[in-house]
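Remarks on the overall topology
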Amino acid sequence: MDKPQQPSYLLFLFLLAIATLFPVSHGDVGTAAHYSPPYLPTACYGNDESQFPSSNLFAAASEGIWDNGAACGRQYLVRCISAVAPNTCNREKIIRVRIVDRAQTSVSRPSRNGATIILSDIAFAQIASPSVSSVNVEFQQ
């Protein structure tokens, strides 16, 4: 006697549960550092401070995402995924930042050189403790 086949919806439910418990990353992975005032976005907008988002959630782009200046004005979703120091990363928070400067030529220096994206102090504090110099992030345009 043949064994009855299980309905395909059980397989679907199983796969859905796995996808929910272990989400797949849909963005790029890199590092984020932070920088402090004075914010003078000379690379993108000269000294036009009106280009800053009113939320103060903005960033400077590293060479990896600078794209010969095409990154100016782009918006990225950024989420902390890990940090060296325990309990310094807020994995639940996703922020939207606008690129207003180039990290390499920024007047303010980043808290850590070589980061993929340099967040304003306010933006960084929303996803991680300001006491750390950098965190690992997932980001997507």
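One structure accompanies this document, and this report is about it. Quick caveat, the model's predicted, so the values are computed rather than measured.

Let us now look at the nonpolar core. Membership of the largest hydrophobic core comes to 25 residues, with the highest contact counts inside it found for Val 78, Val 97, Ile 117, Leu 119, Ile 127, Val 135 and Val 137. Among the elements of the structure, β2 (58-61), α3 (63-66), β3 (75-82), β4 (94-102), β5 (117-120), α4 (121-127) and β6 (134-140) are those that each provide at least two residues to this core. Aside from chain neighbours lying at most four places away, what touches Val 135 is Gly 30, Thr 31, Ala 32, Cys 80, Ser 82, Ala 83, Phe 124 and Ala 128. In terms of nonpolar packing, the next biggest core, distinct from the first, is built from ten residues, Phe 52, Ala 60, Ala 103 and Ala 115 among them.

Per the stated rule, a full pass over the model turns up two disulfides. Note on cysteine connectivity: Cys 44 is disulfide-linked to Cys 72, with sulfurs 2.0 Å apart. Since a negative S-S torsion denotes a left-handed disulfide, the Cys 44-Cys 72 link at about -85 degrees is left-handed. Pair noted here: Cys 44 is in helix α2 (residues 42-45) and Cys 72 is in the loop between α3 and β3, with a separation of 28 residues, a long-range link. Owing to a relative accessible area of 18%, Cys 44 belongs among the buried residues under this scheme. For Cys 72, a relative accessible area of 22% corresponds to the partly exposed category.

This part takes up the sheet that holds strand β1 (residues 28-35). Adjacent strands of a sheet form backbone hydrogen bonds with each other and so pair up, either parallel or antiparallel. The sheet built from six strands closes into a barrel, its strands ordered β1-β5-β2-β4-β3-β6 with mixed pairing. Averaged over all adjacent pairs, the angle separating strand axes in this sheet is 45 degrees, with direction ignored. Across five bridges, β3 lies against β4 in antiparallel orientation. Paired with Arg 79 across the two strands is Ile 94, which belongs to β4.

What counts, and where the lines are drawn
- Residues numbered from 1 in each chain as written.
- Predicted model: local features only at pLDDT ≥ 70, side-chain atom pairs only at ≥ 80, totals over all residues.
- Heavy atoms only, no water.
- Core = buried A, V, L, I, M, F, W, Y, C linked by side-chain atoms within 4.5 Å.
- Buried < 20%, exposed > 50% of the residue type's maximum accessible area, 1.4 Å probe, protein only.
- Helix = DSSP H or I, 4+ residues; strand = E, 2+ residues; numbered from the N terminus.
- Contact = heavy atoms within 4.5 Å.
- Disulfide = S-S within 2.5 Å.
- Pairing = 2+ DSSP bridges.
- Axes fitted to C-alpha atoms, helices over the stretch in contact; angles between N-to-C directions.

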